[in-house]
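Reading the structure
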Amino acid sequence: MRLIVTGGAGYIGSVVTAALLADGHEVTVLDDLSTGHADAVPDGATLADVSLHDSGPVLAEVRPDAVLHFAAKSLVGASQQHPEDYWHTNVVGSLALFEAMRAADCRRIVFSSTAATYGEPDAVPIREEAPTRPTNTYGASKLAIDHMLTSYAVAHGFAAVSLRYFHVAGAAHGLGERHGTETHLIPIALQVAAGQRESLTVFGQDYPTPDGTCIRDYVHVGDLADAHLLALPAPAAGEHRIYNLGNGTGFSVQEVVDAAREVTGHPIPVQVGPRRAGDPAQLVASSDRIRADLGWAPRHTDLVGIVRDAWETMRAQP
Ligand code: UFG
């Protein structure tokens, strides 16, 4: 297929672009490089350095068969301090993209949604039927886009899939996490091991979990890429599907630190700080729906393996 990948210069978008190219697709990456890196765009893809708001001419020229939409602002903390940026880039930008799709007669889309649409869960593992009560603007903005897609499917015949990612980690195709402002646990632990930081602060050790630290569901970015390839042809016109994507197994912050120590051989000094606002005790996905509908199954379920892939790719970067 001829594809547009928005955000293809970012972590997940670049890995999925590499997987799409390997699968024989033709890819144009649409990315304004505000947080992405031009050198992360895999060889073989064309880069259009424009924002979502200005996506019309690119879609008119490429006439894609489908769009994979990763481009977004995605930091929970920043979304609380500057909600206007999140409504503007994520929601207004997505609206511009969807209108550009209609103008180019393209109606197939896979969208990067998030576990943050659920907020504090009543029960884990979290199923797609769970109430959506986001606790931050980031999650609210992604939920708004999910709602937009449902209405575009009904009114305009879009064939859409929202993939609700849990904690994406690891590396694939030589591409890993490389954020200007790093807030995620695994890369921070590895930055300590690499000597780029002194220590790691565990945000809260008084949660109602076995070791007192938060439990999260870490899904390997390569498994996530597989899910995008399966999702792309799946929906019919007029259909908007929603799938959770996680391993279905939770690991605590302490277990992640232990895995990073094992992989790197570094002691990774830790201090315990207060809880971070808005962090639920446990976020673990039920991925039963995508397993049943699309036959997706994660291949990398071992935490040490996920952390090792991230570490080896980080070490290989200049
Ligand atoms: N954590 C620490 N110390 C750190 C960084 C993180 O203890 O220095 C803890 C957090 O408190 C949390 C866990 O590690 O319990 C994971 O935190 P991350 O920052 O790695 O991930 P988030 O939970 O903030 O965010 C992720 C995704 C979001 C998504 C969200 C769903 O990155 O896109 O999960 O709630 F919205």
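Quantities reported herein were computed from a predicted structural model and do not represent experimental measurements.

1. Re helix H1 (residues 11-22)
- Taking 1.5 Å per residue, 12 residues should reach 16 Å; H1 reaches 17 Å between its end C-alpha atoms and fits that length.
- In terms of burial, H1 is a largely internal element, 10 of the 12 residues being buried.
- Among all positions of H1, only Tyr11, Ile12, Gly13, Ser14, Val15, Val16, Thr17, Ala18, Ala19 and Leu20 are buried.
- Of the residues one or two after H1, glycine 24 is the one with positive phi, at around 95°.

2. Considerations on the domain arrangement of the protein chain
- Per the domain assignment, the segments of the protein chain are domain 1 (2-169 + 219-245) and domain 2 (185-217 + 248-316).
- One C-alpha centre belongs to domain 1, the other to domain 2, and the line joining them spans 24 Å.
- Between domain 1 and domain 2, the residue contacts involve 28 residues of the former and 24 residues of the latter.
- Taken as a group, His220, Asp223 and Tyr243 account for 24% of the area that domain 1 buries against domain 2, more than any other trio of residues on that side.

3. Observations concerning the side chain of glutamate 182
- With respect to the secondary-structure elements, glutamate 182 resides in the loop between strand E7 (167-169) and helix H6 (185-193).
- The side chain of glutamate 182 is buried and forms no salt bridge, while arginine 197, the nearest opposite charge, is found at 6.7 Å.
- Side-chain polar atoms of glutamate 182 contact the side chain of histidine 179, separated by 3.0 Å.
- Side-chain polar atoms of glutamate 182 contact the backbone nitrogen of histidine 184, separated by 3.1 Å.

4. As for the environment of leucine 75
- Of note, leucine 75 is situated in the loop between strand E4 (66-69) and helix H3 (76-81).
- C-alpha separation for the pair leucine 75 and threonine 137, spaced 62 residues apart in sequence, amounts to 9.5 Å.
- Not counting the four nearest positions on each side in its chain, leucine 75 is found in contact with Tyr86, Tyr138, Thr181 and Thr183.

5. Remarks on the sheet that holds strand E2 (residues 26-30)
- The parallel open sheet is built from 7 strands, whose spatial order is E3-E2-E1-E4-E5-E6-E11. Only two strands of the sheet have a single partner each, and these edge strands are strand E3 (46-48) and strand E11 (240-245). Between one strand axis and the next, the sheet turns by 20° as a mean value, whatever way the strands run.
- Across 4 bridges, the pairing between strand E1 (residues 2-6) and E4 is parallel. Along E4, the bridge assignment pairs isoleucine 4 with valine 67.
- Strands in contact with helix H4 (residues 83-103) are E1, E4 and strand E5 (108-114); relative to E4, the strand with the most contacts, it is inclined by about 170°.
- Along the sheet, helix H7 (residues 221-231) contacts E4, E5, strand E6 (159-165) and E11; its crossing angle with E6, the most-contacted strand, is approximately 165°.

6. Some remarks on the site of the ligand
- Close to the ligand lie 17 residues; His184, Leu185, Thr201, Arg276 and Asp279 are nearest.
- Within the contact set of the ligand, an oxygen atom lies 2.8 Å away from a side-chain nitrogen or oxygen of histidine 167.
- The side chain of arginine 276 places a nitrogen or oxygen atom 2.6 Å from an oxygen atom of the ligand.
- Mapped onto the shell around the ligand, the elements with two or more residues apiece are H6 and strand E8 (200-203).
- Here the shell around the ligand takes 3 residues from E8, the largest share from any one element.
- Two domains each provide a minimum of three residues to the shell around the ligand, namely domain 1 (2-169 + 219-245) and domain 2 (185-217 + 248-316).

7. Quick notes on the nonpolar core
- Counting residues in each nonpolar core, the largest one holds 37 residues, and the members touching the most others are Ile12, Leu68 and Leu163.
- Two domains each put at least three residues into this core: domain 1 (2-169 + 219-245) and domain 2 (185-217 + 248-316).
- In contact with isoleucine 12, other than residues within four places in its own chain, are Phe70, Tyr165, Val168, Val221 and Leu224.
- Among the nonpolar cores identified, the runner-up in size contains 28 residues, and Val192, Ile268, Ile306 and Ala310 belong to it.

8. Overview of the pattern of salt bridges
- Evaluation of the coordinates by the stated rule reveals 16 salt bridges.
- Among the salt bridges present, the one from arginine 107 reaches aspartate 105, with a minimum N-O distance of 2.7 Å.
- Among the residues examined, aspartate 105 registers a relative accessible area of 56% and is labelled exposed.
- Several salt bridges converge on common partners, so that one network encompasses Arg127, Glu128, Glu129, Asp288 and Arg289.

Cut-offs applied
Residues numbered from 1 in each chain as written. Predicted model: local features only at pLDDT ≥ 70, side-chain atom pairs only at ≥ 80, totals over all residues. Heavy atoms only, no water. Helix = DSSP H or I, 4+ residues; strand = E, 2+ residues; numbered from the N terminus. Expected span 1.5 Å × (residues − 1). Buried < 20%, exposed > 50% of the residue type's maximum accessible area, 1.4 Å probe, protein only. Domains from an automatic or database assignment. Contact = heavy atoms within 4.5 Å. Buried area = accessible area lost by both parts, 1.4 Å probe. Lys, Arg positive; Asp, Glu negative; His and termini not counted. Salt bridge = Lys/Arg side-chain N within 4 Å of Asp/Glu carboxyl O. Polar contact = N/O pair within 3.5 Å; in protein donor to acceptor, adjacent residues only side chain to side chain. Pairing = 2+ DSSP bridges. Axes fitted to C-alpha atoms, helices over the stretch in contact; angles between N-to-C directions. Near = heavy atom within 4 Å. Core = buried A, V, L, I, M, F, W, Y, C linked by side-chain atoms within 4.5 Å.

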